[in-house]
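# Remarks on the overall topology
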Amino acid sequence: MTRMSRARVARRIAAGAAYGGGGVGLVGAAAVGLLLAEVRLARRHVGNGSGGRVPVADGVYGHAYDLPGEPPLHLAMLGDSTAAGQGVHRAGQTPGALLASGLAAVAERPVELRNVALPGAQSDDLDRQVSLVLSAGIAVPDICVIMVGANDVTHRMHPTRSVRYLSAAVRRLRTAGAEVVVGTCPDLGTIEPVQQPLRWLARRASRQLAAAQTIGVVEQGGRTVSLGDLLGPEFEANPRELFGPDNYHPSAEGYATAAMAVLPTVCAALGLWPEEERPDVTRREGFLPVARAAAEAASEAGTEVTAAMPTGPRGPWALLKRRRRRRVPEAEPARPAT
């Protein structure tokens, strides 16, 4: 599928999510029987995003930056098993801990992490997770990171429903005053046990959903980062290194790669990353219609999309950025929150 075609599909899915229409399916009806048969076969080999112990990483990171009377920044993680950090054994290897440590180093300020992500969760669980994050008596997070979408694809949730749930979650968090960064649906076409033609269908469905998620998130004032690196070309080339023991969830190195892609956007959302006055054309950055920017981002991992202009020749426009990555420091043990 070309990027222009993906942009059209993403625009239709996002419109269906916004206005309650049916939108379009992720795959054609003729492929459904074959897809289900292949999914059942693949599920014999992978956990499909649920089950297994997840390390608890909640707490305060960046002890060295403690200053009397200076409160920590608050970071919340929401989403599925990827956001939770399933597949690793130590709390410091989870994406939340890595992002908290990286943010603390950039901000030179402690960061308190709260992770409400649930392994196996689909986008319809985000409303519950947002309610936990915004519970009475708990400080509204400065920044929320959402990673979700893979289970929506594997469980065949209609993409318009998926985007509608995600958009509503972003809207609630932004209304409460939190910045929001969404890691869009990873490329499921690189999971090692998955065979053709499911591999091709999974890649197509993943990228369509990622592009539609981007449109929905940007329209609600959030930012997105393509997580193609999470299960993308690097994982395909180095599956033994970047996939965990179940061949479905990332390894510690895989999570570090994902955190390294998301951290610059998290910092930028908080005003902690140097912003260039103009997009860098040598890095193929620029202002694009939001649907086209979404399609571009879905095709290239680590690409950020954020709102730019509310109106343009073809509707809302977005800024597409390819930020230089900064190595995420290894997470130190968290101190319990007070």
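Reference entry: report on the structure contained in this document.

Conventions and cut-offs
Residues numbered from 1 in each chain as written. Predicted model: local features only at pLDDT ≥ 70, side-chain atom pairs only at ≥ 80, totals over all residues. Heavy atoms only, no water. Helix = DSSP H or I, 4+ residues; strand = E, 2+ residues; numbered from the N terminus. Buried < 20%, exposed > 50% of the residue type's maximum accessible area, 1.4 Å probe, protein only. Contact = heavy atoms within 4.5 Å. Areas by Shrake-Rupley, 256 points an atom, 1.4 Å probe, with all protein chains shown as cover. Salt bridge = Lys/Arg side-chain N within 4 Å of Asp/Glu carboxyl O. Axes fitted to C-alpha atoms, helices over the stretch in contact; angles between N-to-C directions. Parallel < 35°, antiparallel > 145°, perpendicular 65-115°, else oblique. Left-handed = near helix turned anticlockwise from the far one by under 90°. Nonpolar A, V, L, I, M, F, W, Y, C, P; charged D, E, K, R; others polar. Pairing = 2+ DSSP bridges.

To continue, consider the overall build of the protein. Looking only at helices and strands, the protein has 12 helices and nine strands in total. Residues classed as buried in the protein amount to 56% of the 338 residues present. Sequence-distant contacts in the protein: of pairs separated by 6 or more residues, those separated by 24 or more amount to 80%. Put simply, the protein shows about 14,200 Å² of open surface, and 52% of that area lies on carbon and sulfur atoms.

The next thing to look at is the pattern of salt bridges. For the structure shown, the criterion picks out nine salt bridges. The residue R174 makes a salt bridge to E179 at a minimum N-O spacing of 3.6 Å. You can call R174 partly exposed: its relative accessible area is 27%. Classification of E179 by relative accessible area gives partly exposed; the value is 24%. Via salt bridges that share partners, R284, E300 and R322 belong to a single interconnected network.

Taken N-terminus to C-terminus, the directions of helix α4 (residues 95–107) and helix α11 (residues 252–269) make an angle of 45°; their axes are 9 Å apart at the nearest point. Classified by the interaxial angle, the pair formed by α4 and α11 is oblique. Relative to α11, the crossing made by α4 is right-handed. Between α4, through P95, L98, L99, G102, L103 and V106, and α11, the contact on the second element is made entirely by Y255, A256, A259, V262, L263, V266 and C267. Residue composition of the contact of α4 with α11, by class: 12 nonpolar, one polar and no charged.

It is the contact of helix α5 (residues 126–133) with helix α7 (residues 159–176), at a shortest axis distance of 9 Å, that shows an interaxial angle of 15°. In terms of axis orientation, α5 runs roughly parallel to α7. For the element pair α5 and α7, the recorded crossing hand is right-handed. Touching L126, D127, V130, S131 and V133 of α5 are Y165, L166, A169, R172 and L173, all from α7.

Another point: the sheet that holds strand β9 (residues 317–321). Ordered by their spatial adjacency, nine strands build an open sheet running β1-β3-β2-β4-β5-β6-β8-β9-β7, and the pairing between neighbours is mixed. Either end of the sheet is taken by a strand with one partner, and the two such strands are β1 (59–61) and β7 (286–289). The sheet shows a mean angle of 30° between the axes of neighbouring strands, taken without regard to direction. As defined by bridge partners, β7 adjoins β9 across four bridges and the pair is classed as antiparallel. In the strand pairing of β9, F287 is matched with L319. Sheet strands in contact with α7 are β4 (143–147) and β5 (179–183), and its direction is about 155° off that of β5. Lying on the sheet, helix α12 (residues 290–299) is in contact with β7, β8 (304–309) and β9; it crosses β7 at an angle near 115°.

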